[in-house]
Number of protein chains: 2
Amino acid sequence: MDLNTLQEGIRQGQVRALAKGITLVESTLAADQKKAEALLTALMPSTGGALKIGISGIPGVGKSTFIEAFGSFLLNDDTSRRLAVLAVDPSSPIHGGAILGDKTRMEELSVHPRAFIRPSPGGGAAGGISRRARESILLMEAGGYDTIFVETIGVGQSETLVASMVDVFLMLQMPNMGDELQGMKKGILELADIIAINKADGSLKEAAQRAKIEHEQALKLVPAEDKPTPVVLTSAKNKEGLPEIWNELRALVETWKKSGRFEQKRQDQVVQWFERELGEQIQAIAAEHPAYQGLFKEFEAKVRARELAPSVAARTFIKSILNVGQ
Amino acid sequence: MDLNTLQEGIRQGQVRALAKGITLVESTLAADQKKAEALLTALMPSTGGALKIGISGIPGVGKSTFIEAFGSFLLNDDTSRRLAVLAVDPSSPIHGGAILGDKTRMEELSVHPRAFIRPSPGGGAAGGISRRARESILLMEAGGYDTIFVETIGVGQSETLVASMVDVFLMLQMPNMGDELQGMKKGILELADIIAINKADGSLKEAAQRAKIEHEQALKLVPAEDKPTPVVLTSAKNKEGLPEIWNELRALVETWKKSGRFEQKRQDQVVQWFERELGEQIQAIAAEHPAYQGLFKEFEAKVRARELAPSVAARTFIKSILNVGQ
């Protein structure tokens with residue numbers, strides 16, 4: 001498939017073209033990277049149209065069931081809506097891990113004509129995973145998906161990472177976490193725009209109600225920019241609480257759009273992504289290009305020999321290849 | 001205090017000089033950064049001599065009590081030993097947070113003549129916090145501290161960050177975490193070199209024994225490079241399990257030194273630090289230097305206008321300022 005066909009296919013919403021495009025941006029081959037760059041640049045004008053929702057939660061919280069139920073709810077709620085689900089899982093820094101590996105976890109969504117599910121590529125450096133995820137999201141937007149779930153497990157750096165690539169961050173919580181755990185989650189709670197206490201059904205219903213109150217109290221300790229973070233009881237299994245989540249989500253987005261915060265956040269996100277990429281790219285080029293390789297290796301050797309602190313070596317190297325004064 | 005006096009003071013183990021040096025590397029003023037660079041370069045030959053131990057655990061696990069008890073144990077165990085404790089807390093990305101802010105949490109260590117405690121600077125970007133922590137560790141090593149604890153809370157990206165700057169990573173776990181939480185911690189368990197189930201006393205003793213078995217089973221799912229990660233029961237409150245932790249720690253370090261893994265890990269760490277710094281530095285210079293500022297702002301504008309994907313913009317910008325072909 002040549003680039004033009006691929007690009008047209010993605011724009012027309014063809015699932016196969018989108019899958020191929022994502023495979024291209026995930027590739028580490030130099031030739032593929034050039035193609036991926038051209039594809040992205042061609043598709044950029046068609047991006048930016050989706051509402052990107054981060055969904056996080058630890059294993060056991062019922063995340064797959066929630067995504068299946070909430071996704072189906074949204075697709076039924078508006079029959080023109082198209083939903084893409086992307087999983088991002090850099091949480092296992094050593095051996096890599098893949099969530100959403102088994103599409104059958106989402107029986108209904110995986111066969112729905114207006115849904116597209118992409119498992120986590122897994123493995124690799126956080127920078128690489130993050131780039132692939134962000135570029136995949138751009139392609140999904142160009143493919144006409146107006147709602148994108150970015151799923152991540154609630155651990156490690158994954159939540160911070162996903163929060164930095166979505167418009168709204170929804171956090172699923174267990175109904176029966178102890179008090180001690182609430183404290184630990186303070187830093188994470190700050191990332192959440194909406195909290196769903198899931199599994200609020202059967203024997204856990206009362207615990208969920210207590211957890212809601214505990215969360216609301218814990219959130220009082222977190223400085224809020226607008227109104228307090230909403231905490232909603234859900235039972236993905238019984239399909240309960242889903243319209244409430246959607247209403248809270250829409251209300252938030254509407255408030256942010258009015259105040260300008262929505263667009264500001266998006267601007268900040270792309271600029272930060274750009275800045276992070278500068279680092280990745282300088283490194284790749286410095287290590288490989290004949291003109292810089294020698295000096296790079298020299299500085300690297302000084303770092304290894306503990307002659308220079310890495311921070312000092314980096315500053316000196318950059319200044320010397322850019323010919324700027326010390 | 002001029003740089004020579006400062007440098008000599010640190011080398012002679014003067015606490016005031018070390019504190020001043022760390023304040024210097026923490027400073028964001030350009031003039032201070034130049035001094036900090038000179039100080040670091042002068043002290044580099046005196047670094048590398050400490051065993052750096054990461055200590056992580058969520059609030060409620062008894063981390064302060066553990067550090068106080070384990071630190072005191074080590075100082076009594078060897079009367080020539082000098083211990084420095086540094087806290088790293090980038091876990092609260094929005095508002096910053098400081099752990100170890102209250103030295104009185106560690107009554108014995110805070111007044112011990114052979115101990116030095118430095119709270120987290122808190123706030124700022126993870127890159128900045130990480131650099132300050134790494135540079136502070138270098139100064140502590142130059143100050144003759146042969147054992148360094150790097151404390152972090154068990155949440156967010158902080159554990160991965162701290163694991164990347166220490167020789168051994170010790171993780172404190174609660175005795176009464178549910179099964180569900182064990183799963184969530186898989187990615188984190190991989191980071192742990194030793195696990196201490198703390199609070200293994202009083203009414204929690206039995207739960208701790210169960211937790212030990214659960215951890216050992218969970219660890220079986222994590223591919224181990226050497227022997228399985230040791231799990232030790234401790235009661236910091238009753239000063240129990242501390243020699244066992246120390247023995248496991250020493251055994252690990254000895255094995256790694258024999259196999260070459262210890263030095264390899266240190267090499268990898270400084271090289272990765274160097275690579276990360278390249279990104280931070282290129283960004284700082286590109287955004288501020290007159291020769292590059294214009295082009296940088298141009299690319300940034302294209303990113304903001306969604307004309308270029310941030311990854312593509314970064315690659316193109318770097319290639320053009322380095323004059324390397326497309």
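In this text the structure is predicted, and so the values were computed from the model without any measurement.

### Remarks on the overall build of chain A
Move 1: Assigned secondary structure in chain A consists of 14 helices and seven strands.
Move 2: Going through the 326 residues of chain A one by one, you find that 58% of them count as buried.

### Let's talk about the confidence of the model for chain A
Residues and elements named next belong to chain A.
Move 1: Overall, the prediction assigns chain A a mean pLDDT of 85, with 85% of residues at 70 or greater.
Move 2: Ignoring residues within four places in sequence, the model shows residues 92-102, a span with pLDDT below 50, making 35 contacts including any to other chains.
Move 3: Per-residue pLDDT stays below 50 along residues 179-184; that stretch engages in 15 contacts with residues further than four places along the chain or on separate chains.
Move 4: Confidence estimates for the predicted assembly give a pTM of 0.71 and an ipTM of 0.82.

### Concerning the sheet that holds strand S5 (residues 168-173) of chain A
All names here are of chain A.
Move 1: Ordered by their spatial adjacency, seven strands build an open sheet running S3-S2-S4-S1-S5-S6-S7, and the pairing between neighbours is parallel. Each of the sheet's edge strands pairs with one partner strand only, and the pair in question is strand S3 (115-118) and strand S7 (231-233). Neighbour to neighbour, the strand axes of the sheet diverge by 20 degrees on average, direction disregarded.
Move 2: Contacts from helix H10 (residues 205-220) reach S5, strand S6 (194-197) and S7 within the one sheet, and its direction differs from that of S7 by about 175 degrees.

### Side note on the nonpolar core
For soluble globular proteins, nonpolar side chains are generally found buried alongside one another.
Move 1: Leu139 and Leu322 of chain A together with Ile10, Leu139 and Leu322 of chain B are the most contacted members of the largest nonpolar core, which has 130 residues in total.
Move 2: Each residue touching Leu322 of chain A, except ones within four places of it in the same chain, is listed here: Ile282, Ile285, Tyr292, Ile321 and Leu322 of chain B.

### A short note on the packing of helix H13 (residues 290-304) of chain A against helix H12 (residues 261-288) of chain B
Move 1: For the pair H13 of chain A and H12 of chain B, interaxial distance at closest approach is 9 Å and the crossing angle is 135 degrees. Put simply, H13 of chain A runs oblique to H12 of chain B. Considering only the axes of H13 of chain A and H12 of chain B, their crossing is right-handed. Facing H13 of chain A, whose interface residues are Phe296, Phe299, Glu300, Val303 and Arg304 of chain A, H12 of chain B presents Gln267, Val270, Val271, Phe274, Glu275 and Leu278 of chain B.
Move 2: For the contact of H13 of chain A with H12 of chain B, the residue count by class is seven nonpolar, one polar and three charged.

### Here's the deal with helix H14 (residues 310-321) of chain B
All names here are of chain B.
Move 1: Between its first and last C-alpha atoms H14 spans 16 Å; for twelve residues at 1.5 Å apiece the expected length is 16 Å, and the two agree.
Move 2: For H14, the buried fraction is high: ten of the twelve residues fall into the buried class.
Move 3: Listing the buried residues of H14 in full gives Pro310, Ser311, Val312, Ala313, Ala314, Arg315, Phe317, Ile318, Lys319 and Ile321.
Move 4: Phi turns positive, to about 55 degrees, at Asn323, one or two residues after H14.

### A word on helix H11 (residues 242-259) of chain B
Think of an α-helix as turning once every 3.6 residues; residues three or four places apart then point the same way.
All names here are of chain B.
Move 1: Across its 18 residues, H11 extends 26 Å between first and last C-alpha, which sits within 8% of the 26 Å expected from 1.5 Å per residue.
Move 2: Along H11, the positions that sit buried rather than exposed are Leu242, Ile245, Trp246, Leu249, Leu252, Val253 and Trp256. Relative to the axis of H11, the buried residues are bounded by an arc of 130 degrees and lie together on one face. H11 presents Glu254, Lys258 and Ser259 as exposed residues on the side facing more than 90 degrees away from its buried surface.
Move 3: In this fold, the buried residues of H11 make contact with strand S1 (51-57), helix H4 (63-77), strand S5 (168-173), strand S6 (194-197), strand S7 (231-233) and H12.
Move 4: Of the residues trailing H11, Gly260 is marked for its positive phi of about 90 degrees.

### Thoughts on the sheet that holds strand S2 (residues 83-87) of chain B
Residue and element names in this part refer to chain B.
Move 1: One open sheet accounts for seven strands, arranged S3-S2-S4-S1-S5-S6-S7; its pairing is parallel. The open sheet has two free edges, formed respectively by strand S3 (115-118) and S7, since each of these has just one partner strand. On average, each strand axis in the sheet is tilted by 20 degrees relative to the strand beside it, whichever way the strands run.
Move 2: Judged from the four bridges that link them, S2 and S3 form a sheet pairing that is parallel. Each bridged residue has a counterpart across the sheet, and for Leu83 the counterpart in S3 is Ala115.
Move 3: Most of the contacts of helix H10 (residues 205-220) go to S7, to which it runs at about 175 degrees, and overall it touches S5, S6 and S7.

### Some thoughts on the packing of aromatic side chains
Move 1: With the rule as written, the count across this model stands at 16 aromatic pairs over all chains.
Move 2: Ring centres of Phe70 of chain B and Trp246 of chain B lie 6.5 Å apart, and the angle between their planes is 65 degrees; this geometry places the pair in the edge-to-face category. Of the two residues, Phe70 of chain B sits in helix H4 while Trp246 of chain B sits in helix H11, which places them 176 residues apart along the sequence.
Move 3: Overall, the relative accessible area of 5% leaves Trp246 of chain B in the buried class.
Move 4: The ring centre of Phe262 of chain A lies 4.9 Å from the NZ or CZ of Lys257 of chain A, which sits over that ring.
Move 5: In this structure, Arg82 of chain B is placed above the aromatic ring of Tyr145 of chain B, and the distance from its NZ or CZ to the ring centre is 4.1 Å.

### Some details on the pairing of strand S2 (residues 83-87) of chain A
Move 1: Summarising burial for S2 of chain A: five of the five residues are buried, a large majority.
Move 2: A two-sided burial pattern is seen for S2 of chain A, the buried positions comprising Leu83, Val85 and Ala87 of chain A on one face and Ala84 and Leu86 of chain A on the other.

### Let's talk about the domain arrangement of chain A
All names here are of chain A.
Move 1: Entries for chain A in the domain assignment read domain 1 (3-258) and domain 2 (268-322).
Move 2: If you look at the interface, domain 1 gives ten residues, while domain 2 gives six residues.
Move 3: Across the domain 1/domain 2 interface, buried area totals approximately 660 Å², and carbon plus sulfur atoms make up 43% of it.
Move 4: At the junction of domain 1 with domain 2, the criterion picks out two salt bridges.
Move 5: Of the charged contacts, one joins Arg131 and Glu277 as a salt bridge, the two residues approaching to 2.8 Å between their closest N and O atoms.
Move 6: On the surface where domain 1 and domain 2 come into contact, there are five residue pairs in polar contact (both at pLDDT 80 or more).
Move 7: Of all elements in the fold, only helix H6 (126-142) and helix H7 (158-163) reach the threshold of two or more residues within the side of domain 1 that touches domain 2.
Move 8: In terms of residues, the side of domain 1 that touches domain 2 owes the most to one element, H6, which gives five residues.
Move 9: Grouping the amino acids of the side of domain 1 that touches domain 2 by side-chain chemistry returns five nonpolar, two polar and three charged.

### A word on the packing of helix H12 (residues 261-288) of chain A against H14 of chain B
Move 1: Relative orientation of the contacting elements H12 of chain A and H14 of chain B amounts to 45 degrees, with a least axis distance of 8 Å. Between H12 of chain A and H14 of chain B, the crossing angle belongs to the class labelled oblique. For the pair H12 of chain A and H14 of chain B, the sense of crossing is right-handed. Seen from H12 of chain A, the contacting residues are Val270, Trp273, Phe274, Glu277, Leu278, Gln281, Ile282 and Ile285 of chain A; seen from H14 of chain B, they are Pro310, Ser311, Ala313, Ala314, Arg315, Phe317, Ile318 and Lys319 of chain B.

### Focus on the pattern of salt bridges
Move 1: A complete count under the given rule lists 24 salt bridges over all chains for this structure.
Move 2: Taking the shortest distance from any N to any O, the salt bridge between Glu141 of chain B and Arg306 of chain A comes out at 3.5 Å. Taken together, the residues Glu141 of chain B in helix H6 (residues 126-142) and Arg306 of chain A in the loop between H13 and helix H14 (310-321) connect one chain to another.
Move 3: Taking relative accessible area as the criterion, Glu141 of chain B reaches 5% and is therefore assigned buried.

### Some thoughts on the pairing of S2 of chain B
Move 1: Note: S2 of chain B against strand S4 (residues 147-153) of chain B, five bridges, orientation parallel. Residue pairing for S4 of chain B: Leu86 of chain B is matched across the bridge by Val150 of chain B.

### A word on the environment of Gln7 of chain B
Residue and element names in this part refer to chain B.
Move 1: One can find Gln7 in helix H1 (residues 3-11).
Move 2: With a relative accessible area of 15%, Gln7 lands in the buried category.
Move 3: Here the alpha-carbon distance between Gln7 and Gly60, two residues 53 residues apart in the chain, equals 39 Å.
Move 4: The contacts of Gln7, once residues within four sequence positions are left out, are Leu39, Ala42 and Leu43.

Definitions and cut-offs
- Residues numbered from 1 in each chain as written.
- Chains lettered and ligands numbered in written order.
- Predicted model: local features only at pLDDT ≥ 70, side-chain atom pairs only at ≥ 80, totals over all residues.
- Heavy atoms only, no water.
- Helix = DSSP H or I, 4+ residues; strand = E, 2+ residues; numbered from the N terminus.
- Buried < 20%, exposed > 50% of the residue type's maximum accessible area, 1.4 Å probe, protein only.
- pLDDT = per-residue confidence, 0-100.
- Contact = heavy atoms within 4.5 Å.
- Pairing = 2+ DSSP bridges.
- Axes fitted to C-alpha atoms, helices over the stretch in contact; angles between N-to-C directions.
- Core = buried A, V, L, I, M, F, W, Y, C linked by side-chain atoms within 4.5 Å.
- Parallel < 35°, antiparallel > 145°, perpendicular 65-115°, else oblique.
- Left-handed = near helix turned anticlockwise from the far one by under 90°.
- Nonpolar A, V, L, I, M, F, W, Y, C, P; charged D, E, K, R; others polar.
- Expected span 1.5 Å × (residues − 1).
- Arc of directions from axis to C-beta.
- Phe/Tyr/Trp six-rings, centres within 6.5 Å; stacked < 30°, edge-to-face > 60°.
- Lys NZ or Arg CZ within 6 Å of the ring centre and 35° of its normal.
- Domains from an automatic or database assignment.
- Buried area = accessible area lost by both parts, 1.4 Å probe.
- Salt bridge = Lys/Arg side-chain N within 4 Å of Asp/Glu carboxyl O.
- Polar contact = N/O pair within 3.5 Å; in protein donor to acceptor, adjacent residues only side chain to side chain.

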